Amino acid sequence: MIDKKIVQHIADLSRLSLSDEETEEFAHQLASILGYVEQLDKVDTSNVEPTALVAPARDPLRQDEPTPSLPPDKLLQNGPKVKNGYFAVPKVINQ
Amino acid sequence: MEFETVIGLEIHAELLTATKIFCGCAPKFGDAPNSHGCPVCLGLPGSLPVLNRRVVDMAIRMGLAVGCEISHNSVFARKNYFYPDLPKGYQISQYDMPLCTNGAIDIEAEGAKRNVRINRIHLEEDAGKLIHDQDADSLFDVNRCGTPLIEIVTEPDLRSGQEAYAYLTAIKQILEYLGICDCNMEEGSLRCDANISIRPKGETKLGTKTELKNMNTFRGVEKALAYEALRQRDAAASGEAIVQQTFRWDPDRNRTVVMRSKEEAHDYRYFPDPDLLPLVVDDAWIRRAAETMPELPARKRARFIADFGVTPYMADVLTLEAAIAKYFEETLAFCKDAKLVANWVMGEVLRFAKEKKISVASLSVTPRRLGALLGLVAEGALSANAAKRAFDIMEMQDKDAAAVVAEEGLTQISDTGELSKIVKDVVAKNPKEVQRYKAGETKLMGFFVGQVMKATGGKGNPREINKLVSELLGQG
Ligand SMILES: [Zn+2]
């Protein structure tokens, strides 16, 4: 069951900060979405192989042959903050 | 109460491919930061990962090498975590349907054998690199993102740090024989995490486990586990509960440091990656992989003992690396005396390679050259000492055995005529010693042999000299 606590947990994992009202609102929305999807639980799937994807295709594979990478300046161009050829991000302590 | 230690290992091995797992960028480190990246590496919208065939091939070979079943269908999953070492916000890994399952290898530690079951081997991508100590910000380099990894996970079958060391060494050896990983723990191409718990002997339920990380050397793994096993016993003895925690090994202080406790543990919310279809591996592919497998260490070791009559210890050393085994076998093509060759490979050859910090394959003394040198030793033309000197010079000056032996005048004098002349000369010059010898002071034999050896400049064949001296003095 989706409650405010779960919403807060998911928000924390995603580094999102939600107001009390938002938490309340999302708990309600998520609960109703999941409740709708949960109708599928009524189907007996005990004799059905788990399905990861519905398309009956095979994964295309690639030969191990290099293709050019982006030039570093191009690669970095969308970075909000760049220093000495690196993306600079707020200091994070080693996990 | 007597306790038993229970250990499970997770080994990450970087695969030696030309490109990353899901894109054509080269997985190179040490190059300029952010010089090996593309939209896939960066997780830009609209980019799609495409799996590298060679990665699958390498993982299948590793699976077969440790007796795993290879799944015909395996699935890639997203492991979600929010940390800036992966721009996508998730790592592509395998979760409930890995490529390889149910393997096992035999190891030996402290004289005891153990069968270690391997739960699974799965494919995943590596994260990028973050530098924390150069700037007020953390700095991110994408180059390592998407480097192909296999993760090899054991069942909790190991019982000590020594066993963990033996298992890790065995896995390293197999990875190297297959040529799929360079296994450098210091540089991170091989990484090892451990789960460890203790339980009263005879108990079958697992105790509360702790996790160990950051063990950057093979011995570090052994030491960290021994340390943690002891810490848990101490805690149990003083009635303290073991808390589920993650520790980091600090090699400078030889102790563990807490990284995080259970409350901070990650919640990865795995789900099948909709960008990748299930990986289908048919029997033909598995058969092809099996057919191209090299001879693996365990089998090579057994063959060396059976075919060449070397001792188990010698066989261990000679099969330690594929390159050493190859060098040994190639030398045998030029000198049939397997024990002589084995002793030299284990002695001079490994010593030189270690001193020069190179593979035996890169020595100037090639198997052909060593074989020729040892041929001279086997036929008595060269003493063991002269051969060692010749080996040094051959290695230093990049020359053949024949050339060095000739230039340095190292050939052993086995010619009885020449030697007997010198023996007679020595006997004639030392009448007093001859008398004492004849009076029963037989230990003077060594004196005469020494004098003759000196006169030959150390090149006389000791066995011949002994024979000649005792013949001459015996005749009296
Ligand atoms: Zn890329």
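Quantities reported herein were computed from a predicted structural model and do not represent experimental measurements. (Residues numbered from 1 in each chain as written. Chains lettered and ligands numbered in written order. Predicted model: local features only at pLDDT ≥ 70, side-chain atom pairs only at ≥ 80, totals over all residues. Heavy atoms only, no water.)

Novice: Report on the overall build of chain A, specifying residues and quantitative values.
Specialist: A tally of regular secondary structure across chain A gives 3 helices and 3 strands. Going from N to C terminus, chain A has its helices and strands arranged as α-α-β-α-β-β. Buried positions account for 17% of the 95 residues belonging to chain A. Accessible surface for chain A amounts to roughly 7600 Å². Of this, 57% is attributable to carbon and sulfur atoms. (Helix = DSSP H or I, 4+ residues; strand = E, 2+ residues; numbered from the N terminus. Buried < 20%, exposed > 50% of the residue type's maximum accessible area, 1.4 Å probe, protein only. Areas by Shrake-Rupley, 256 points an atom, 1.4 Å probe, with all protein chains shown as cover.)

Novice: So what about the overall build of chain B? Which residues, and what values?
Specialist: Scanning chain B from N- to C-terminus turns up 16 helices and 17 strands. Computed over the C-alpha atoms, the radius of gyration of chain B is 30 Å, more than 25% above the 23 Å expected from 2.2 N^0.38 for a compact globule of 476 residues. Expressed as a percentage of its 476 residues, the buried residues of chain B come to 51%. Long-range pairs, those at least 24 residues apart, make up 68% of the contacts in chain B with a sequence separation of at least 6. (Rg over C-alpha atoms; globule rule 2.2 N^0.38 Å. Contact = heavy atoms within 4.5 Å.)

Novice: Report on the packing of helix α2 (residues 53–65) of chain B against helix α5 (residues 283–291) of chain B, specifying residues and quantitative values.
Specialist: All names here are of chain B. The interhelical angle for the contact between α2 and α5, taken along N-to-C directions, is 65°, at an axis separation of 9 Å. Of the possible angle classes, the one that applies to α2 and α5 is roughly perpendicular. In this structure, the crossing between α2 and α5 has a hand that is right-handed. Contact with α2, carried on its side by R53, V56, D57, I60, R61 and L64, involves W285, I286, A289 and A290 of α5 and no other residues of that element. For the contact of α2 with α5, a count of residues per class yields 7 nonpolar, no polar and 3 charged. (Axes fitted to C-alpha atoms, helices over the stretch in contact; angles between N-to-C directions. Parallel < 35°, antiparallel > 145°, perpendicular 65-115°, else oblique. Left-handed = near helix turned anticlockwise from the far one by under 90°. Nonpolar A, V, L, I, M, F, W, Y, C, P; charged D, E, K, R; others polar.)

Novice: Provide a residue-level description of the domain arrangement of chain B, including the pertinent values.
Specialist: The extent of an interface is frequently quoted as the accessible surface area lost upon association of the parts. Considered domain by domain, chain B is made up of domain 1 (3–288), domain 2 (295–408) and domain 3 (416–475). Spacing between the C-alpha centres of domain 1 of chain B and domain 3 of chain B amounts to 68 Å. (Domains from an automatic or database assignment.)

Novice: Just give me the short version of the coordination of the zinc ion, but keep the residues and values in it.
Specialist: Residue and element names in this part refer to chain B. At this site the zinc ion is bound by C23 (SG), C25 (SG), C38 (SG) and C41 (SG), with donor distances of 2.2 to 2.4 Å. Geometry at the zinc ion is tetrahedral, judged from its 4 donor atoms and the angles of 102 to 120° they form at the metal. Read N to C, the donor residues that coordinate the zinc ion are spaced as C-x1-C-x12-C-x2-C. Considered together, C23 and C25 belong to a single accessibility category, that of buried residues. (Donors = N, O, S within 2.8 Å, 3.2 Å for Na, K, Ca; no water. Tetrahedral: all angles 85-135°; square planar, octahedral: opposite > 155°, others 65-115°.)

Novice: Please give an account of the sheet that holds strand β2 (residues 82–83) of chain A that cites residues and values.
Specialist: Taken in spatial order, the 4 strands of this open sheet run β2(A)-β3(A)-β10(B)-β9(B), and their pairing is antiparallel. Here the strands that pair on one side only, and so sit at the sheet edges, are β2 of chain A together with β9 (129–131) of chain B. Pairing of β2(A) with strand β3 (residues 86–89) of chain A involves 2 bridges; the strand directions are antiparallel. Note that in β3(A) the partner of V82(A) across the bridge is F87(A). (Pairing = 2+ DSSP bridges.)

Novice: I'd like to hear about the pairing of strand β14 (residues 245–250) of chain B, residue by residue, with values.
Specialist: Residue and element names in this part refer to chain B. Counting buried residues in β14 gives 5 out of 6 residues, a clear majority hidden from the surface. Where strand β13 (residues 210–213) meets β14, 3 bridges bridge the pair, whose relative direction is parallel. Paired with K213 across the bridge in β14 is R248. Tracing the backbone out of β13, into helix α4 (residues 218–237) and back to the parallel element β14 gives a crossover that is left-handed. (Right-handed = clockwise from strand over helix to strand, strands pointing away.)

Novice: Run through the environment of M259(B), naming residues and quoting values.
Specialist: Residues and elements named next belong to chain B. For M259, the location among the structural elements is in strand β15 (residues 255–261). Accessibility expressed as a relative area gives 27% for M259, which makes it partly exposed. Taking the C-alpha atoms as reference points, M259 and A59, 200 residues apart in sequence, are found 31 Å from one another.

Novice: Which residues make up the packing of helix α14 (residues 431–438) of chain B against helix α15 (residues 445–455) of chain B, and what are the values?
Specialist: To characterise two packed helices, one gives the angle between the axes of the helices and the distance between these axes. All names here are of chain B. Running from amino to carboxyl end, α14 crosses α15 at an angle of 145°, the nearest separation of the two axes being 10 Å. Within the contact between the two elements, α14 uses E433, V434 and Y437 and α15 uses M445, F447 and F448. Considered class by class, the residues forming the contact of α14 with α15 number 5 nonpolar, no polar and 1 charged.

Novice: Tell me about helix α1 (residues 4–13) of chain A, residues and numbers included.
Specialist: A turn of α-helix holds 3.6 residues, and therefore any two residues three or four places apart point the same way. All names here are of chain A. Within α1 the residues assigned to the buried category are V7, A11 and L13. All buried residues of α1 project into a common sector of 160° when viewed along the axis, lining one side. Along its buried surface, α1 packs onto α2 (20–37). Of the residues flanking the end of α1, it is R15, one or two places downstream, whose phi is positive at about 55°. (Arc of directions from axis to C-beta.)

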